[in-house]
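Structure assessment
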Amino acid sequence: MTEFVTRFAPSPTGLLHLGHAASAWHVWEAARRAGGRVLLRIEDIDLGRCRPEFTDAILEDLAWLGLAWEEPLRVQSNHFDDYDRVVRRLTEMGLTYRCFRSRTQIAQEQAEAGLPPGAPFKGSPLSPSEEARQLEAGRPYTWRLSLSACREYLGDVYDTLSFSLCSSDGGMDTMKARPDLHGDINLTRKDSPTAYHVASTHDDALQGITHVIRGEDLADAAHMHVLIQALMGWSQPIYTHHPLVLGPDGKKLAKRFASQSLASLRAEGLTPDQVRRLAGV
Ligand code: GLU
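A brief look at the structure comes next. On a predicted model such as this, the values are computed, not experimentally measured, just so you know.

**Concerning the overall build of the chain**
When helices and strands are counted, the chain shows eleven helices and nine strands. In terms of overall dimensions, the chain is globule-like: its C-alpha atoms have a radius of gyration of 20 Å, near the 19 Å expected for 281 residues. By its C-alpha atoms, the chain is 65 × 40 × 40 Å across when sized along the principal axes. Taking all 281 residues of the chain together, the buried fraction comes to 47%. Considering only contacts within the chain whose residues lie at least 6 apart along the sequence, 77% involve residues at least 24 apart.

This is the structure:
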């Protein structure tokens, strides 16, 4: 049997809700069917929003659901040096630039250019003298990945990047990767030493993840992740995107629907099985 290592990677920004429970079941069920392993990873890189008490609550909820994971847990906030090394490596390869623009500034510039809100960002490095001026003035910045530099660096490989997508019925498709959906992503953030795409791909590679199973809301992430994997020489997992549990408004459940939190469902006396049925898994 080929090796099957997957992971569940929640961010402790709030209490887990039905949607997380559904996601966890998809992950554990796939591993069970394949006779594989599940690793649990706490993605707490957003230092402003993540809290240790939510990590504790995640562990309690998963244990209550009857899901077991391998120790030791990987807690991303203990490994900022690892992610920093990735950004430095990409910088040494000539693939990054410092971006001093604020979000508001970017939104304004994009609107002026007639681009829709949230359009992928495409920038370029400042001139050395302008950059030196900004640094001297102590202006905060993020490191961005330059897609045009990546394209040049990888040559023909850039346009042939693809990934394997496993559908819910087990069928396998090859998807052409479209990093341009993301634009020049932030590799670091002004309020955090790393960004999701860096920490997630780094840890998937480090932990030998062969299968990434996550919600459809993160379906686009694979388009960027395979680019980072190609640049860093990391192996590529197979991707599966499971359907989301929708709220009463037909939209993705958000953590703010506290009534749907696993802790409150448990307090109401529901059993893990009843929760599973409620999540439609
Ligand atoms: N930490 C992410 C979340 O909670 C999941 C990331 C992933 O599975 O790649 O939405």
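**Here we look at the pairing of strand β9 (residues 238-242)**
The element β9 is largely enclosed, with a buried count of four among its five residues. Note: strand β8 (residues 211-215) against β9, five bridges, orientation parallel. Each bridged residue has a counterpart across the sheet, and for R214 the counterpart in β9 is H241. Note on the crossover from β8 through helix α9 (residues 221-232) to β9: the handedness is right-handed.

**Looking at the side chain of T201**
Note that T201 resides in helix α8 (residues 196-206). When sequence neighbours within four positions are dropped, the list of residues in contact with T201 reads H225, I228, Q229 and W234.

**Brief notes about the packing of aromatic side chains**
Scanning the entire structure with this criterion turns up five aromatic pairs. A centroid spacing of 5.9 Å and a plane angle of 90° characterise the contact between Y141 and W143, whose relative ring orientation is edge-to-face. Looking at Y141, the relative accessible area reads 28%, which means it is partly exposed. Chaining the aromatic ring pairs together yields one cluster made of F100, Y141 and W143. It is R98 that lies over the ring of Y141; its NZ or CZ is 5.0 Å from the centre. Its end group placed over the ring of W64, R266 keeps NZ or CZ at 5.3 Å from the ring centre.

**Re the pattern of salt bridges**
Within this structure, the stated rule accounts for 24 salt bridges. Note that D46 and R189 form a salt bridge whose closest N and O atoms lie 3.6 Å from each other. Pair noted here: D46 is in the loop between β2 (37-42) and α2 (52-65) and R189 is in the loop between β7 (172-176) and α8, with a separation of 143 residues, a long-range link. Put simply, R133 and E130 hold a salt bridge, and the shortest N to O gap is 2.7 Å. Here E130 and R133 lie together in helix α5 (residues 128-136), a separation of three residues that amounts to about one turn. On the accessibility criterion, E130 (23% relative accessible area) is partly exposed.

**Some thoughts on α2**
End to end, α2 covers 20 Å across 14 residues, agreeing with the expected 20 Å (1.5 Å per residue, within 8%). Among all positions of α2, only F54, T55, A57, I58, D61, L62 and L65 are buried. What you see down the axis of α2 is that its buried residues fit within an arc of 160°, all on one side. If you follow the buried residues of α2, they end up packed against β1 (5-8), α1 (18-34), β2, α10 (262-267) and α11 (272-278).

Conventions adopted
Residues numbered from 1 in each chain as written. Predicted model: local features only at pLDDT ≥ 70, side-chain atom pairs only at ≥ 80, totals over all residues. Heavy atoms only, no water. Helix = DSSP H or I, 4+ residues; strand = E, 2+ residues; numbered from the N terminus. Rg over C-alpha atoms; globule rule 2.2 N^0.38 Å. Buried < 20%, exposed > 50% of the residue type's maximum accessible area, 1.4 Å probe, protein only. Contact = heavy atoms within 4.5 Å. Pairing = 2+ DSSP bridges. Right-handed = clockwise from strand over helix to strand, strands pointing away. Phe/Tyr/Trp six-rings, centres within 6.5 Å; stacked < 30°, edge-to-face > 60°. Lys NZ or Arg CZ within 6 Å of the ring centre and 35° of its normal. Salt bridge = Lys/Arg side-chain N within 4 Å of Asp/Glu carboxyl O. Expected span 1.5 Å × (residues − 1). Arc of directions from axis to C-beta.

Function-wise, these values are silent; they only describe arrangement.
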